[in-house]
Amino acid sequence: TVISCDLHETERVFRIKIMRDNAEIYLIFQCIPAKGNVFFATKTESFYFKKNTPKIKIDEWKSASQNTYRKMAFNLGANVKNLEKLTFQDWVKNNYSIFAGALTREIAHRSQIFPETSEISEKNAHSTGKVVAQIAEECLQPSPNFALGKFNLILMQHRENGDICSDLEIALQEFSQNSRMQNVEKEKNRILHALQIKMRKLERKLPKLKNQLEESQSADRWQHFGDILLANSSTIPSETKNFTFEGEIIKLDSTLSPIKNAQNYYNRAKKSRRSGALIDKQINDTLAEMEKTQKLHEELQTLHEKKEISTWITKHNLELKTQSDAKFSERKSYKQFEFQGWNILIGRSSKDNDHLTLKIAKPADLWLHAQGVGGSHVIIQNPQKKEIPKSVIEFAARLAAKNSRAKHSGIVPVIYTWKKYVTKPRKTLPGIVRVEREKSVFVELDK
């Protein structure tokens, strides 16, 4: 039975008190983005609002939440004491979390402050408070509009505004629909770009195949040249580059004898006959693929919903590559080994390491790397999510050591962990990753 419901005065948090079997049970709900939004506790228990925060008693949830959540109160005076080395952006986040994103930048613009570098002080904190109060008042009587794909709740001074909509709900609906259409167009452009890349490859491939077909149709001519050279081998001078017979010039390799040159023409004729049927099939397949790609391009223009596009991609079983992935489609970014039925992949370069770890490897795969030195990323693929035998780990660790700068050492330490614990920090060089929960194994290399 629900006994009561308490709403926090300044936080988007509320508490529901439930009575069950003569026991008081509490549910705490936080209505802001976080990993955990619902908390359960009894009268005698304490609980965590967030990781690395003190435990909170259930009766102190209101006062404690003011310290654990970003403050939303408008009373500036209570927060002026904690302004040392605090940037304007951090200060706004701490005190006015409802003014996120664009409104924070609007406050900074009207206050003539650089949000990411300017430090807040008692003086500009109070002056900025007036701007905050002004914007808060404007938010109570909004002027909803959107321009350049951005939604504005009020008339902005730091960016472009659109036509004002009289009804906030209608404005949000229009903006949502507009954003959805933009997302659809973005997805269509991505697919269109991939189709264009594919079409360009096919267009470059077709003339090469036609030239090869013409070459294959000359088999009888190469056979005839071989017969001429073989019949006149005794009369052809050595080191001759050309031999003329009945007005027809036959090119020769001056380093070879006439009989060897004749044999080359016979081999050329044989190869042309063998490849002719195959090349003809390749030309037909390429033309059919070009026609199919053109039809896909035309069908794509008729799709207007993201769900339709996803269904369409599944229906045609498309594997579309963008330009950034094209270089990896031409060659494998890894070397491949098999040991005791386990598939092991080794990155070829720093960029290949990133591609192997971040795009090919799955969370349940095992990741290995020589400890403390540069080297290849090594992946033991584990699609069945089984326990990987120690012998397989040691074999892969030896590969990691051999493909590192420690390959000339006698004993090499190698770290390993599940791929899900390997991440790529932002703005780091190719091949650099962050590793957690790793273990070590020492392998001995043959000198």
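Look a little higher up for the structure.
What this report covers is the structure whose coordinates are included nearby.

Reading the values: rules and limits
Residues numbered from 1 in each chain as written. Predicted model: local features only at pLDDT ≥ 70, side-chain atom pairs only at ≥ 80, totals over all residues. Heavy atoms only, no water. Helix = DSSP H or I, 4+ residues; strand = E, 2+ residues; numbered from the N terminus. Contact = heavy atoms within 4.5 Å. Pairing = 2+ DSSP bridges. Axes fitted to C-alpha atoms, helices over the stretch in contact; angles between N-to-C directions. Parallel < 35°, antiparallel > 145°, perpendicular 65-115°, else oblique. Left-handed = near helix turned anticlockwise from the far one by under 90°. Nonpolar A, V, L, I, M, F, W, Y, C, P; charged D, E, K, R; others polar. Expected span 1.5 Å × (residues − 1). Salt bridge = Lys/Arg side-chain N within 4 Å of Asp/Glu carboxyl O. Core = buried A, V, L, I, M, F, W, Y, C linked by side-chain atoms within 4.5 Å. Buried < 20%, exposed > 50% of the residue type's maximum accessible area, 1.4 Å probe, protein only. Patch = residues over 30% accessible without salt bridge, like charges linked within 9 Å, V, L, I, M, F, W, Y side chains within 5 Å. Areas by Shrake-Rupley, 256 points an atom, 1.4 Å probe, with all protein chains shown as cover. Lys, Arg positive; Asp, Glu negative; His and termini not counted. Charge placed at Lys NZ, Arg CZ, Asp CG, Glu CD.

### Focus on the overall build of the chain
Each helix and strand in the chain was counted, giving eleven helices and 18 strands. Put simply, 53% of the contacts in the chain that link residues at least 6 apart link residues at least 24 apart.

### A word on the sheet that holds strand β13 (residues 366-370)
Strand order across the open sheet formed by six strands is β11-β12-β14-β13-β15-β18, with antiparallel pairing between neighbours. Each having just a single partner strand, β11 (334-339) and β18 (439-444) make up the two edges of the open sheet. Each neighbouring strand pair of the sheet contributes to a mean axis angle of 25°, computed without reference to strand direction. Here β13 pairs with strand β15 (residues 411-418) via five bridges, running antiparallel. Within the sheet, the bridge partner assigned to H369 lies in β15 and is I415. Taken strand by strand, helix α10 (residues 350-360) contacts β11, β12 (342-347), β13 and β14 (378-380), and its axis lies near 135° from that of β12. Strands β11, β12, β13, β14, β15 and β18 of the sheet are contacted by helix α11 (residues 390-402), whose axis makes an angle of about 70° with β18.

### Looking at unusual backbone geometry
Here Q340, not a glycine, exhibits a phi torsion of approximately 55°, which is positive. Residue position: Q340 is located in the loop between β11 and β12. Phi at R437 is positive, roughly 55°, even though this residue is not glycine. Looking at the element boundaries, R437 is found in the loop between β17 (434-435) and β18.

### Side note on the packing of helix α6 (residues 219-231) against helix α7 (residues 258-300)
It is the contact of α6 with α7, at a shortest axis distance of 8 Å, that shows an interaxial angle of 165°. Taken together, the axis directions place α6 and α7 in an arrangement best described as roughly antiparallel. The two elements α6 and α7 meet at a crossing, and its hand is left-handed. Taking contact as the criterion, the partners of A219, D220, W222, Q223, F225, G226, D227, L229 and L230 in α6 are, on α7, P258, I259, N261, A262, Y265, Y266, R268, A269, S272 and R273. Along the lines of polarity and charge, the residues of the contact of α6 with α7 split into eleven nonpolar, four polar and four charged.

### Structural notes on α6
When the terminal C-alpha atoms of α6 are compared, their 19 Å separation across 13 residues agrees well with the 18 Å that a helix rising 1.5 Å per residue should span. The secondary structure elements touched by the buried residues of α6 are α5 (168-216), β9 (242-245), β10 (248-251) and α7.

### Re the packing of α5 against α7
The interhelical angle for the contact between α5 and α7, taken along N-to-C directions, is 155°, at an axis separation of 8 Å. Judged on the interaxial angle alone, α7 and α5 are roughly antiparallel. Pair α5 / α7 crosses with left-handed handedness. Considering only residue class, the contact of α5 with α7 consists of 14 nonpolar, ten polar and ten charged.

### A word on the pattern of salt bridges
Enumeration according to the criterion identifies nine salt bridges in this entry. The partner of E138 in a salt bridge is R110, and the shortest N-O contact between them spans 3.0 Å. In this pair, E138 is assigned in helix α4 (residues 122-140) and R110 in helix α3 (residues 102-111), connecting sequence segments 28 residues apart. Beyond isolated ion pairs, a larger network of salt bridges with shared partners links E106, R110 and E138.

### Looking at the nonpolar core
Formed by 23 residues in total, the largest nonpolar core has its most connected members in L368, I380, V412 and V414. Of all the secondary-structure elements, those providing two or more residues to this core are β12, β13, β14, α11, β15 and β18. Considering every element that reaches this core, the biggest residue donor is α11, with seven residues. If sequence neighbours within four positions are ignored, I380 has contacts with W342, N343, I344, D365, L366, L368, I388, V392, I393 and A396.

### Describing a positive patch on the surface
On the surface, R200, K201, R204 and K208 cluster together to form a positively charged patch. Summarising the element assignment, R204 is placed in helix α5.

### So, the environment of I379
Tracing the backbone through its elements, the reader meets I379 in strand β14. Dropping the residues within four chain positions of it, I379 is found in contact with N343, I344, L345, L356, A361, D365, L366 and W367.

So yeah, pure geometry; function would need other evidence.
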